[in-house]
Amino acid sequence: PDTTPHDDARITMSARSALLALSKRSTAFAPMTAQTIGFKAYSTVIEGLKYAASHEWAKIEGDVATIGITDHAQAELGDIVYVELPEVGSTVEKSATFGVVESVKAASDVYSPLSGEVIAVNESLADTPGAVNESAFTDGWLMKIKLSSPGEAASLMDAKAYEASYQ
């Protein structure tokens, strides 16, 4: 059957979630569990998005970019328990910190892959920060910005280059 890249990402993330559930809340056992059942757990990377080396993604639509952390980043962090986001109306600069993601393992700064004005933040993450773990590319988005320098997108990686960067 024909599937879209987004369908494939959801299937892969569902399989990965199942592996993590089997590992009893510890990502350290996920690779071992995956090998036992004959499935290697790779991070999901979606074609058509742009990626920063610091593990953020950007979906660019016209002069607006939706930004979040990658599936690889959320997997490395573990269970996310808190997300700090910028205020709507504030300005973010490419490669500068705009927020913090805290997990049971660590707190990590989040860097903006592009410059612009924050026009929306994912307010639902205040109550359900785990959405970043469950669906990093859909329900787990962090902010939307109106791009101030659209040309910056050329410096970001495509899916293939990003995947190669952490393998």
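Owing to the predicted nature of the structure, the values given are computational and were not obtained by experimental measurement.

Each value, and the rule that gives it
Residues numbered from 1 in each chain as written. Predicted model: local features only at pLDDT ≥ 70, side-chain atom pairs only at ≥ 80, totals over all residues. Heavy atoms only, no water. pLDDT = per-residue confidence, 0-100. Contact = heavy atoms within 4.5 Å. Pairing = 2+ DSSP bridges. Helix = DSSP H or I, 4+ residues; strand = E, 2+ residues; numbered from the N terminus. Phe/Tyr/Trp six-rings, centres within 6.5 Å; stacked < 30°, edge-to-face > 60°. Buried < 20%, exposed > 50% of the residue type's maximum accessible area, 1.4 Å probe, protein only.

## Quick notes on the confidence of the model for the protein chain
Phase 1: Here the protein chain shows a mean pLDDT of 84. Residues at 70 or above account for 75%.
Phase 2: Per-residue pLDDT stays below 50 along residues 18-40; that stretch engages in 18 contacts with residues further than four places along the chain or on separate chains.

## Here we look at the sheet that holds strand β9 (residues 143-147)
Phase 1: Taking strand neighbours across the sheet as the criterion, the 6 strands line up as β1-β2-β3-β9-β8-β5 in an open arrangement whose pairing is antiparallel. Only two strands of the sheet have a single neighbouring strand rather than two, namely β1 (50-51) and β5 (91-92).
Phase 2: Relative to strand β2 (residues 56-61), β1 is paired through 2 bridges, and the arrangement is antiparallel. Paired with Tyr51 across the bridge in β2 is Trp57.

## Structural notes on the packing of aromatic side chains
Phase 1: Per the stated rule, a full pass over the model turns up 3 aromatic pairs.
Phase 2: When the ring of Tyr51 is compared with that of Tyr162, the centres are 4.7 Å apart and the planes differ by 10°; the resulting orientation is stacked. With Tyr51 in strand β1 and Tyr162 in helix α5 (residues 159-166), the pair connects residues that are 111 residues apart, well separated along the chain. Each member of the pair Tyr51 and Tyr162 is classed as buried.
Phase 3: A ring pair is formed by Trp57 and Phe137, whose centres lie 5.7 Å apart and whose planes are at 45°; its orientation type is tilted. With a gap of 80 residues between them, Trp57 in strand β2 and Phe137 in the loop between α4 (131-134) and β9 connect regions that are remote in the sequence.
Phase 4: Site record: aromatic cluster; members linked through ring pairs are Tyr51, Tyr162 and Tyr166.

## Some points on the environment of Thr70
Phase 1: Structurally, Thr70 can be placed in the loop between β3 (64-69) and α3 (71-77).
Phase 2: Using a relative accessible area of 1% as the deciding quantity, one classes Thr70 as buried.
Phase 3: It is 9.3 Å that separates the C-alpha atoms of Thr70 and Ser54, two residues lying 16 residues apart in sequence.
Phase 4: Filtering out sequence-adjacent residues up to four positions away, Thr70 remains in contact with Tyr51, His55, Glu56, Trp57, Ala136, Phe137 and Tyr162.

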